[in-house]
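The lines below spell out each chain.
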Amino acid sequence: MKQLLLVICLTIASFASPLQEAINKASEGSIIQLQKGEYYGNIVINKPLTIDGLDKSAKIVGDGKGTVITINSSNVTLKNLTIKGSGSSHEKIDSAILAQNVNNIKIKNNHIEDSLFGINFQKVNRSLIIDNFITSKNYDLGLRGDAIRLWYSHDNQLLSNKIYKSRDFVIWYSSGNVIEQNHGSYNRYSLHFMYAGRNLVQNNLFEHSSVGIFFMYSSGTTAINNTIKNSTGAFGVGIGMKDSSNFTLIDNKIIYNARGIYIDQSPFQPNTTNIYKNNKILYNSSAIQFQALREKNIFQENIIKGNMEPIVNDSPRNNLSLNLWHRNYWDNYEGFDRNKDGVGDIPFNHYIYADKLWLYNPNVKFFYGSVVIDLLNFLAKFAPFSEPSLLASDNEPLIQWSPKDER
């Protein structure tokens, strides 16, 4: 028998507050359609139903304390709403939307503003967060809450959300999630993983944040076709890896960052490997920077071009010979391709000279690219006063690249 849904249409003057009563009286599976106006929270949803704001002109406004909408039931949908006015407690994680210990939640096409945390999922599985705009309260960057926060939440889809001037988009202890086609800008960490595994990150754009994507204490994730650019500031990282293993990064574009790829003890687990393939690492201060290294990374068919330094080693104790470099394009390669097979005739070797250490002084880096700096670089190679250290060796460097590869 075909299921019928009760549609409740509320035509309410602004500043009225019968929404919680309507939720309480609605039968399971009802659709509550809200007309234009403001509906006061904070509200609690304890049954399966849909709240539809139709065109976002229906605003659910919190009382400035606690969370605006709390979901304690599976099979709940919130869509086409404007949600605002959470509290300001980090300890209580005051949010626009909190869902906990439930499944099959849909948060779709909402505008979330003036809320410390945006969407907070705690032990929520097989759910959807799609097409939402999320911004935090107008606080200093470190005092804002997270736009989207997953905690012990698995097999969710987070698609096509726009995150602007929040703190982080964070995935904690969560696996099997798909993070796709999101746009983050002017945040702290546009995407931050902690103790997470087996997630898919693809086709996202993250820009003008302190960090684009940072993977910490995580494993088994794949990142494909993401664009990360203009990560600047004191830390400034495009993609960062900390104690993370069995990662695959393919076809990502990492451009105009202070550090393109930052690697700290990754891979972390013994006998594991991280793979970086066909990425475009362009016009960063340092293309790939190693803080600490204990296992092998494989760098294959990447374009490493226009960076101030292609490889930076932060610790002389690092054994960078663990890494495997194969068929990457290096714009500072000095060799020929006599048989025209697209591969250099001699290996590409990148050394660091003791008399180049001054390059890591930020005050001096300002002058990088000047005639004086070019001369000093030449002298360091021509007459080094100490044995140089080999940071990378690619036996088959690619000698050709196409401008279309940068698009």
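Everything here concerns the structure above.
Residues numbered from 1 in each chain as written. Predicted model: local features only at pLDDT ≥ 70, side-chain atom pairs only at ≥ 80, totals over all residues. Heavy atoms only, no water.

What is the right way to look at the side chain of Asn187 in this model?
Topologically, Asn187 is positioned in the loop between β21 (183-185) and β22 (189-194). A distance of 2.7 Å separates the side chain of Asn187 from the backbone nitrogen of Ser166, its partner in a polar contact. A distance of 3.2 Å separates the side chain of Asn187 from the backbone oxygen of Ser185, its partner in a polar contact. Each residue touching Asn187, except ones within four places of it in the same chain, is listed here: Leu141, Ile163, Tyr164, Lys165, Ser166, Arg167, His208, Ser209 and Ser210. (Helix = DSSP H or I, 4+ residues; strand = E, 2+ residues; numbered from the N terminus. Polar contact = N/O pair within 3.5 Å; in protein donor to acceptor, adjacent residues only side chain to side chain. Contact = heavy atoms within 4.5 Å.)

Even after reading the chapter, I still don't get the nonpolar core, so can you show me in this structure?
Soluble globular proteins tend to pack their nonpolar side chains together in the buried interior. In this structure, Ile51, Ile71 and Ile288 are the most contacted members of the largest nonpolar core, which totals 72 residues. When residues of this core are assigned to their parent elements, the largest contribution, four residues, is made by strand β10 (residues 95-103). Within the second largest apolar cluster, seven residues are counted, among which are Tyr189, Met194, Val211 and Met216. (Core = buried A, V, L, I, M, F, W, Y, C linked by side-chain atoms within 4.5 Å. Buried < 20%, exposed > 50% of the residue type's maximum accessible area, 1.4 Å probe, protein only.)

Honestly, the sheet that holds strand β16 (residues 148-151) in this entry has me stumped. Any pointers?
Strand pairs in the sheet, formed through backbone hydrogen bonds, run parallel or antiparallel to each other. Pairing in this open sheet of 12 strands is parallel, and the strands run β4-β7-β10-β13-β16-β19-β22-β25-β28-β31-β34-β37 from one edge to the other. The sheet is open, and its two edges are formed by β4 (43-45) and β37 (309-313), each paired on a single side. When strand polarity is set aside, the average angle formed by the axes of neighbouring strands in this sheet is 10°. Where strand β34 (residues 286-292) and β37 come together, four bridges link them in parallel fashion. (Pairing = 2+ DSSP bridges. Axes fitted to C-alpha atoms, helices over the stretch in contact; angles between N-to-C directions.)

I keep staring at the environment of Asn199 and nothing clicks. Help me out?
On the secondary structure map, Asn199 appears in the loop between β22 and β23 (200-202). Given the relative accessible area of 3%, Asn199 is considered buried. Distance from Asn199 to Thr221, taken between C-alpha atoms, is 4.8 Å for residues 22 residues apart in sequence. Leave out the neighbours within four places in its chain, and Asn199 touches Ser174, Ser175, Gly176, Asn177, Ile179, Phe193, Gly220, Thr221 and Thr222. Looking at Asn199, its side chain comes within polar contact range of the main-chain nitrogen of Gly176, at 3.4 Å.

Can you help me understand the environment of Ser393 in this one?
Along the chain, the position of Ser393 falls in strand β41 (residues 389-394). As a C-alpha pair, Ser393 and Phe348 span 45 residues in sequence and 5.6 Å in three-dimensional space. The contact partners of Ser393, leaving out residues within four places of it in the chain, are Trp325, Phe348 and Asn349. Of the polar contacts made by the side chain of Ser393, one reaches the side chain of Asn349; its length is 2.6 Å.

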